[in-house]
Amino acid sequence: KSTLLKLMTGDNIASSGDVQKHGQLRIGYYNQHSEDQLDLEKDPITYFRDMFPDGIIDPSGGGKYKPEYEQWRAIIGRVGIRGDYQTEPMETMSDGLKTRVVFCLLSLTVPHILLLDEPTNHLDMHCIDSLAEAINRYEGGLVLVSHDFRLISQVAKETWICDRGI
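Our subject in this report is the structure included herewith. Here the structure is a predicted model, which is why all the values come from computation and not from measurement.

### What to know about the overall build of the protein chain
Phase 1: Along the protein chain, the regular secondary structure elements total six helices and five strands.
Phase 2: Counted from the first residue to the last, the protein chain has its helices and strands arranged as α-β-α-β-β-α-α-β-α-β-α.
Phase 3: Relative to its length of 166 residues, the protein chain is compact, with a C-alpha radius of gyration of 17 Å against a globular reference of 15 Å.
Phase 4: In terms of its C-alpha atoms, the protein chain occupies a principal-axis envelope of roughly 50 × 35 × 30 Å.
Phase 5: Taken across its 166 residues, the protein chain has 36% of its residues classed as buried.
Phase 6: In the protein chain, 63% of the contacts between residues at least 6 apart in sequence involve partners at least 24 apart.
Phase 7: Only carbon and sulfur atoms are counted for the fraction: they give 50% of the accessible area of the protein chain, which is about 10,400 Å².

Here it is in structure tokens:
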């Protein structure tokens, strides 16, 4: 299952056949090790300002804009990172909060398709429900790899069961 996602992102090369994607396609990819990409010495606000020095895409289609400090706080707060957690180094955060930072990062890229590989590993039930709500509002494509029946039951329109190489 993870190999399929890696073929879609280009992290793996197909041994036969072709994998093609549109040149302007934006893919948001989350896997259970996505937190490893974070600079844990930085706080979330500094991290995002450094990641997007030229600004972020306006999801309503208005081009790019460069958020001010309080706007960054609001953006980060939407994923449930509030108060001191926004200004403390991410190394002090729980795995669940780091996961939220990664989801915030994904949302800022305004992807056309989301590839989620076991996104609930570090989330509590409330966060899983919030993730399901966000997925159901998301208007792009989604490929979800998960063993979490709570999430699957809330979001799946079609289910493929991959078992024993079949």
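### With respect to the layout of surface pockets
Phase 1: Looking at the largest pocket, its volume works out to about 1,100 Å³.
Phase 2: Along its surface, the largest pocket is lined by 30 residues, and Val79, Phe103, Ser107, Ala134 and Arg137 are the ones closest to its centre.
Phase 3: Only β2 (56-57), α4 (95-108), β4 (113-117) and α5 (125-137) provide two or more residues apiece to the lining of the largest pocket.
Phase 4: In terms of residue count, the dominant contributor to the lining of the largest pocket is α5 (eight residues).

### Comments concerning the sheet that holds strand β1 (residues 27-30)
Phase 1: Taken in spatial order, the three strands line up as β1-β4-β5 in an open sheet, and their pairing is parallel. A strand with exactly one partner marks an edge of an open sheet, and here the two such strands are β1 and β5 (141-145). Ignoring which end each strand starts from, the neighbouring axes of this sheet average 10 degrees apart.
Phase 2: Pairing geometry for β4 and β5, over five bridges, is parallel. Paired with Leu114 across the strands is Leu142, a residue of β5.
Phase 3: In this fold helix α1 (residues 2-9) packs onto β1, β4 and β5, with an angle of close to 150 degrees to the strand it touches most, β4.

### Focus: the packing of helix α2 (residues 44-51) against α4
Phase 1: It is at 12 Å that the axes of α2 and α4 come closest, and there the two elements cross at 30 degrees. Between α2 and α4, the angle falls in the class roughly parallel. Considering only the axes of α2 and α4, their crossing is right-handed. Where α2 approaches α4, its residues Pro44, Tyr47, Phe48 and Met51 are matched on the opposing element by Val101, Cys104, Leu105 and Leu108.
Phase 2: A per-class count over the contact of α2 with α4 returns eight nonpolar, no polar and no charged.

### Digging into the side chain of Asn31
Phase 1: By the secondary structure assignment, Asn31 is in the loop between β1 and α2.
Phase 2: Asn31 gets classed as buried once you look at its relative accessible area, which sits at 18%.

### Things to note about the packing of aromatic side chains
Phase 1: Under the counting rule described, the total for this entry stands at three aromatic pairs.
Phase 2: Aromatic side chains Tyr30 and Phe103 sit 4.9 Å apart centroid to centroid with 25 degrees between the ring planes, which places their arrangement in the stacked category. One end of the pair, Tyr30, is in strand β1; the other, Phe103, is in helix α4, and 73 residues separate them in sequence.
Phase 3: Residue Phe103 is classed as buried on the basis of its relative accessible area of 17%.
Phase 4: Aromatic side chains Phe48 and Trp72 sit 5.9 Å apart centroid to centroid with 10 degrees between the ring planes, which places their arrangement in the stacked category. Here Trp72 lies in helix α3 (residues 69-77) and Phe48 lies in helix α2, a separation of 24 residues in the sequence.
Phase 5: Through a chain of ring-to-ring contacts, three or more aromatic side chains come together here, namely Tyr47, Phe48 and Trp72.

The rules behind each value
Residues numbered from 1 in each chain as written. Predicted model: local features only at pLDDT ≥ 70, side-chain atom pairs only at ≥ 80, totals over all residues. Heavy atoms only, no water. Helix = DSSP H or I, 4+ residues; strand = E, 2+ residues; numbered from the N terminus. Rg over C-alpha atoms; globule rule 2.2 N^0.38 Å. Buried < 20%, exposed > 50% of the residue type's maximum accessible area, 1.4 Å probe, protein only. Contact = heavy atoms within 4.5 Å. Areas by Shrake-Rupley, 256 points an atom, 1.4 Å probe, with all protein chains shown as cover. 1 Å grid on protein atoms, 1.4 Å probe; cavity = no way out; pocket = protein on both sides within 12 Å on 5 of 7 lines; lining within 4 Å. Points joined across faces, edges and corners; volume = space filled by probe spheres on them. Pairing = 2+ DSSP bridges. Axes fitted to C-alpha atoms, helices over the stretch in contact; angles between N-to-C directions. Parallel < 35°, antiparallel > 145°, perpendicular 65-115°, else oblique. Left-handed = near helix turned anticlockwise from the far one by under 90°. Nonpolar A, V, L, I, M, F, W, Y, C, P; charged D, E, K, R; others polar. Phe/Tyr/Trp six-rings, centres within 6.5 Å; stacked < 30°, edge-to-face > 60°.

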